[in-house]
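Take a look at the letters that make up each chain.
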Amino acid sequence: MTGKRPGENLTLDDLKKMKYSWQVARESMRLFPPIFGSFRKAIVDIEFEGFTIPKGWKVLWTAYGTHYSAEYFQDPLSFNPSRFEEPVPPYVFLPFGGGPRVCAGYQLAKLTTLIFVHLVVTRYDWSLLYPDENITMDPLPFPSHGMPIKISPKM
Ligand code: HEM
């Protein structure tokens, strides 16, 4: 989002135009979903693809199952925000969960992510202290040095 005068606030209309920024955020959450999954409890016996899930059992759904599947995302390990120009089938892209218990803060999270990214990119110069920092899964992504950055206001 360019064309803003220094100090001029972003408007809701500005945020609606940030389609590529949101694609970048979505692609980041596809590769590293902040919440990798969650549990559901079967409240009745369920038949699913030849399996029986008995009433009372807990089921773990994970975002990685579809996020890293070539069936849904071509070349799934590559970072390609443009892939989100095409619609994604329901229950395939799940950083915010899905169904009746989908994240209640989705819109707020989208808003704050777009504002944060806009301000960091337009107002600050920043760089990673450890560009090749190792990231382990524990089970969430965990940068081995805490991912420190060097940040300073743009001159
Ligand atoms: C990037 C930011 C966020 C991510 C990735 C995220 C992710 C998720 C996920 C995956 C769930 C579903 C968990 C499940 O199905 O068991 C969830 C639920 C929920 N989230 Fe978020 N969330 C984010 C931000 C927020 C914010 C900002 C709020 C509130 C201000 C919020 C409030 C909630 C609530 C209340 C639920 C429970 C909804 C329910 O069970 O009916 N989240 N979130």
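Note that the structure is a prediction, hence the values are computed from the model and not measured.

Colleague: Looking at this structure, I do not really get the site of the ligand. What am I missing?
Modeller: Taken together, 15 residues lie around the ligand, and S38, R40, P95, R101 and C103 are the ones closest in. The separation between an oxygen atom of the ligand and a polar side-chain atom of R40 is 2.6 Å. R101 places a polar side-chain atom, nitrogen or oxygen, 2.8 Å from an oxygen atom of the ligand. Among the residues forming the shell around the ligand, the class breakdown is 10 nonpolar, three polar and two charged.

Colleague: What am I meant to see in the nonpolar core here?
Modeller: If you look at soluble globular proteins, the nonpolar side chains tend to sit buried side by side. Grouped together as the largest cluster of nonpolar side chains are seven residues: L15, M18, W22, A25, M29, F96 and L114. No other element matches helix α2 (residues 19-31), which puts three residues into this core. Discounting chain neighbours no more than four positions away, the residues touching F96 are W22, M29, V102, C103, Y106 and A109.

Colleague: So what exactly am I meant to see when it comes to helix α4 (residues 106-123) here?
Modeller: Helical periodicity: at 3.6 residues per turn, an α-helix aligns residues three or four positions apart in one direction. An ideal rise of 1.5 Å per residue puts 26 Å on 18 residues; α4 measures up with 25 Å between its terminal C-alpha atoms. Buried within α4 we find L114, H118 and V120. In this structure, the buried residues of α4 make contact with α1 (12-17), α2 and β5 (124-128).

Colleague: Would you take a moment to explain the UniProt feature "binding site: heme" (unreviewed entry) in the chain for this structure?
Modeller: Under the local residue numbering, the UniProt record ascribes the feature "binding site: heme" (unreviewed entry) to C103. Considering the arrangement of structural elements, one finds C103 in the loop between α3 (64-67) and α4.

Colleague: Could you clarify how one ought to interpret the environment of V92 in this entry?
Modeller: Looking at where V92 falls in the secondary structure, it is placed in the loop between α3 and α4. For V92, a relative accessible area of 3% puts it in the buried group. As for V92 and A63, which are separated by 29 residues in sequence, their C-alpha atoms are 7.8 Å apart. In this structure, V92 is in contact with T66, H67, Y72 and F73, ignoring residues within four places of it in sequence.

Colleague: Any chance you could explain the environment of L114 here in plain terms?
Modeller: Here L114 lies in helix α4. Among the residues examined, L114 registers a relative accessible area of 4% and is labelled buried. Along the primary structure L114 and W22 are separated by 92 residues, whereas in three dimensions their C-alpha atoms are 6.8 Å apart. Apart from the residues lying within four places of it in its own chain, the contact partners of L114 are L15, M18, S21 and W22.

Colleague: Explanation requested: the packing of aromatic side chains in the structure shown.
Modeller: Note on aromatic pairs: each is described by the distance of the centres and the angle between the planes. Applying the stated rule across the entire model yields five aromatic pairs. Summarising the aromatic geometry, the rings of F73 and F84 are spaced 6.2 Å apart at their centres and angled 50° between planes, so their arrangement reads as tilted. With a gap of 11 residues between them, F73 in the loop between α3 and α4 and F84 in the loop between α3 and α4 connect regions that are remote in the sequence. For the pair F73 and F84, one class covers both residues: buried. Arranged with centres 4.8 Å apart and planes meeting at 90°, the rings of F96 and Y106 form a pair that is edge-to-face. Taken together, the residues F96 in the loop between α3 and α4 and Y106 in helix α4 connect sequence positions 10 residues apart.

Cut-offs and rules
Residues numbered from 1 in each chain as written. Predicted model: local features only at pLDDT ≥ 70, side-chain atom pairs only at ≥ 80, totals over all residues. Heavy atoms only, no water. Near = heavy atom within 4 Å. Polar contact = N/O pair within 3.5 Å; in protein donor to acceptor, adjacent residues only side chain to side chain. Nonpolar A, V, L, I, M, F, W, Y, C, P; charged D, E, K, R; others polar. Core = buried A, V, L, I, M, F, W, Y, C linked by side-chain atoms within 4.5 Å. Buried < 20%, exposed > 50% of the residue type's maximum accessible area, 1.4 Å probe, protein only. Helix = DSSP H or I, 4+ residues; strand = E, 2+ residues; numbered from the N terminus. Contact = heavy atoms within 4.5 Å. Expected span 1.5 Å × (residues − 1). UniProt positions renumbered as here; feature names shortened; annotations may be inferred. Phe/Tyr/Trp six-rings, centres within 6.5 Å; stacked < 30°, edge-to-face > 60°.

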